[in-house]
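# Report on the structure
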Amino acid sequence: MESASNQRNKQKKEKEVIMVTDSDSEEPFTSESIDWDAPEPNIIWMPSSCSRFRISVKVAKAMGIDRCRTVTIQNMRGVETTLNVSAEPKRGKKKNRFTVLGWPAWVRENNIKKGKLCVLEWYEDMPTLFVRDVIKE
């Protein structure tokens, strides 16, 4: 026969939920609130020291930037900034890259120092970049 304390420990384990926290947030959420079927994010590693933020045509088309000509960048605090995107021809060829206008100003406004690398997530059919981390280059 099991003791009362063993039964309580067994019940605790059955109800145990994994707690995950964002490194910048004190707010935990449970694994039950995660949509495990959600699409995996794509990652862009962008140095803060770059004066131009260029996005390839393949990525721009996947995100829908080629149609709307804007991109929204959401920082880690959830603040969104919409920046214009221009198509740039490369030496007489078809438009094969897009430039995010205002990248240096956005970096300054978000107090991201030179020598840092912005880890940005993006999803298909969503012209939004999500800043997931800022790390040393």
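Our structure is the block above this text.
Our subject in this report is the structure included herewith. (Residues numbered from 1 in each chain as written. Predicted model: local features only at pLDDT ≥ 70, side-chain atom pairs only at ≥ 80, totals over all residues. Heavy atoms only, no water.)

As a further point, take the overall build of the chain. Secondary structure assignment for the chain yields four helices and nine strands. Going residue by residue from the N terminus, the α and β elements of the chain occur as α-β-β-β-β-α-α-β-β-β-α-β-β. In the chain, of all internal contacts separated by at least 6 residues, the share reaching a separation of at least 24 is 51%. Counting every atom, the chain has about 9900 Å² of accessible surface; 49% of that belongs to carbon and sulfur. (Helix = DSSP H or I, 4+ residues; strand = E, 2+ residues; numbered from the N terminus. Contact = heavy atoms within 4.5 Å. Areas by Shrake-Rupley, 256 points an atom, 1.4 Å probe, with all protein chains shown as cover.)

With that out of the way, let us pick up the side chain of E88. One can find E88 in strand β6 (residues 80–89). On the accessibility criterion, E88 (16% relative accessible area) is buried. Side chain to side chain, E88 and R54 meet in a polar contact 3.2 Å long. Within the structure, E88 has its side chain in polar contact with the side chain of T99 (distance 2.6 Å). (Buried < 20%, exposed > 50% of the residue type's maximum accessible area, 1.4 Å probe, protein only. Polar contact = N/O pair within 3.5 Å; in protein donor to acceptor, adjacent residues only side chain to side chain.)

To continue, consider the environment of D133. Here D133 lies in strand β9 (residues 126–136). C-alpha of D133 to C-alpha of E121: the two residues are twelve residues apart in sequence and 9.6 Å apart in space. When near neighbours in sequence (up to four residues on either side) are disregarded, D133 contacts M76, L117, C118 and V119.

Moving on to the packing of aromatic side chains. Scanning the entire structure with this criterion turns up three aromatic pairs. Pairing W103 with W106 gives two aromatic rings, centres 5.4 Å apart and planes at 20 degrees, and the pair type is stacked. Taken together, the positions of W103 and W106, both in helix α4 (residues 103–109) and three residues apart, correspond to about one turn of that helix. Take W103 and W106: they sit in the same class, and that class is buried. (Phe/Tyr/Trp six-rings, centres within 6.5 Å; stacked < 30°, edge-to-face > 60°.)

With 26 residues, the main nonpolar core has F53, V71, W103, W106, L120 and L129 as its most contacted residues. Once you skip the residues sitting within four places of it in the chain, V71 turns out to touch M63, I65, T81, T82, L83, V85, V100, P127 and L129. (Core = buried A, V, L, I, M, F, W, Y, C linked by side-chain atoms within 4.5 Å.)

This paragraph deals with unusual backbone geometry. Despite not being glycine, R69 shows a phi value in the positive range, around 60 degrees. Within the secondary structure layout, R69 lies in the loop between α3 (65–68) and β5 (70–74). In this model, D125 sits at a positive phi of 60 degrees, which is unusual for a non-glycine residue. Residue placement: D125 occurs in the loop between β8 (116–123) and β9. You can call D125 exposed: its relative accessible area is 61%.

Our next topic: the pattern of salt bridges. Scanning the model with the defined rule gives four salt bridges in all. We note a salt bridge from D66 to R67, for which the minimum N-O separation is 3.7 Å. Salt bridges linked by common partners bring R54, E88 and R97 together as one network. (Salt bridge = Lys/Arg side-chain N within 4 Å of Asp/Glu carboxyl O.)

Once that is clear, we can look at the pairing of β8. The buried fraction of β8 amounts to seven of the eight residues, a majority that puts the element mostly inside the structure. For β8 and β9, the ladder comprises seven bridges, and the chain directions are antiparallel. Paired with L120 across the two strands is V131, which belongs to β9. The antiparallel hairpin formed by β8 and β9 contains two residues in its connecting segment, where D125 sits at a positive phi of about 60 degrees. (Pairing = 2+ DSSP bridges.)

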